[in-house]
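# Remarks on the overall topology
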Amino acid sequence: MARWWDALLGRTEPVKPDLDALFALPSAAVTLQAATGLEPTGIGSVCFRSAEGGAFATLEHDVVELLAAGGGPPVEQSKDSYGYTWLVVRRDPELLGDLVTDLHAVNSSLESAGFGPSLLCSLVAFADSSGHAGRGLALVYLYKRGTFYPFAPLPGQRRDNALELQVRAALDGELRIEPDLGRWFPLWGAPGL
């Protein structure tokens, strides 16, 4: 009865994040390149709100060490003007699968330690291979929605809306694209873009 009542009132349970959806990115990248000429740059990042306390600081340090272990990529850490922390991973652009595995490990570590509610998004950066300087894109995974959206920044904090819609059309069916365009948040100044 409660589910029926919730449905009648328009209340729904939030979508549970499916971090394994990140593993669809290498296949989607092939489609993206064919449709737009954009190729992976080898840069990806995870954005989260840092929690106070020693336990979170220790976990954050452990995640950075985990990725760097065994010759893995160094991880850069930065904070944006909104107070969010970004862990940035750089890989050879040809190793998109490895980059996605690294991003999955960061998200999974934070989630399994109970910091899932602090996760905001993950992104993988793409750039134009045909020489259009400044034409870039991020495929953004919204942790709390379990969906992806394209973000194509232009100089002057503008967006290439036409490219974003073209990417949505090209990747529909390959990635779970966020249907609410109001949730396609601009990530001005995100590391790697």
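Our subject is the structure listed above.
The rules we used
- Every residue gets a number counted from 1 within its own chain, in the order that chain's sequence is written.
- It should be noted that, the model being predicted, local features are given only for residues of pLDDT at least 70 and side-chain atom pairs only at 80 or more, the latter also being counted only at that level, while totals for whole chains, interfaces and linings use all residues.
- In computing side-chain values, all of the structure's heavy atoms are included and hydrogens and water are not.
- Here an axis means a line fitted to C-alpha atoms, over the contact stretch when the element is a helix, while the angle between two N-to-C directions is reported on a 0 to 180 degree scale.
- Only DSSP runs of H or I covering at least 4 residues are called helices, and only runs of E covering at least 2 are called strands; the numbering of each starts at the N terminus.
- Note on terminology: angles under 35 degrees are roughly parallel, angles over 145 are roughly antiparallel, angles of 65 to 115 are roughly perpendicular, and the others are oblique.
- The hand of a helix crossing depends on one turn: near helix anticlockwise from the far one by less than a right angle means left-handed, and clockwise means right-handed.
- Contact definition: two residues touch when any of their heavy atoms are within 4.5 Å.
- Three categories are distinguished: nonpolar for Ala, Val, Leu, Ile, Met, Phe, Trp, Tyr, Cys and Pro, charged for Asp, Glu, Lys and Arg, and polar for the others, with Gly belonging to the last.
- Any two strands are treated as partners once DSSP identifies two or more bridges connecting them.
- We define a salt bridge as a contact between a side-chain nitrogen of Lys or Arg and a carboxyl oxygen of Asp or Glu at a distance within 4 Å.
- Three labels apply to residues, based on accessible area from a 1.4 Å probe with only protein chains included: buried if under 20% of the type maximum, exposed if over 50%, partly exposed otherwise in between.

## Points about the packing of helix α2 (residues 25-36) against helix α4 (residues 96-115)
- Running from N to C, α2 and α4 point in directions that differ by 135°, and their axes come no closer than 9 Å. Between α2 and α4, the crossing angle belongs to the class labelled oblique. Read as a crossing pair, α2 and α4 show a hand that is right-handed. Every residue of α4 that contacts α2 at Leu25, Pro26 and Ala29 is listed here: Leu96, Gly97 and Val100.
- Residue composition of the contact of α2 with α4, by class: five nonpolar, one polar and no charged.

## Description of the sheet that holds strand β2 (residues 75-79)
- One open sheet holds the six strands; their spatial order is β2-β3-β1-β4-β5-β6, and the pairing between them is antiparallel. With partners counted over all chains shown, the strands left at the sheet margins are β2 and β6 (147-151), one partner each. Strand-to-strand twist in this sheet, taken as the mean axis angle between neighbours without regard to direction, amounts to 25°.
- One ladder, built from seven bridges, connects strand β4 (residues 119-128) with strand β5 (residues 136-142); its direction is antiparallel. Residue pairing for β5: Cys121 is matched across the bridge by Leu142.
- The strands touched by α4 are β1 (38-49), β3 (84-90) and β4; relative to β1, the strand with the most contacts, the crossing angle is about 10°.

## Some points on the pattern of salt bridges
- Summed over all chains, the structure comprises five salt bridges.
- One salt bridge connects Arg91 with Asp102, and the closest N-O pair in it is separated by 2.8 Å. Of this pair, Arg91 sits in the loop between β3 and α4 while Asp102 sits in helix α4, and the two are 11 residues apart along the sequence.
- For Arg91, a relative accessible area of 24% gives the class partly exposed.
- One salt bridge in this structure joins Glu164 and Arg159, with 3.0 Å as the shortest N-O distance.
- Assessed through its relative accessible area of 2%, Glu164 is described here as buried.

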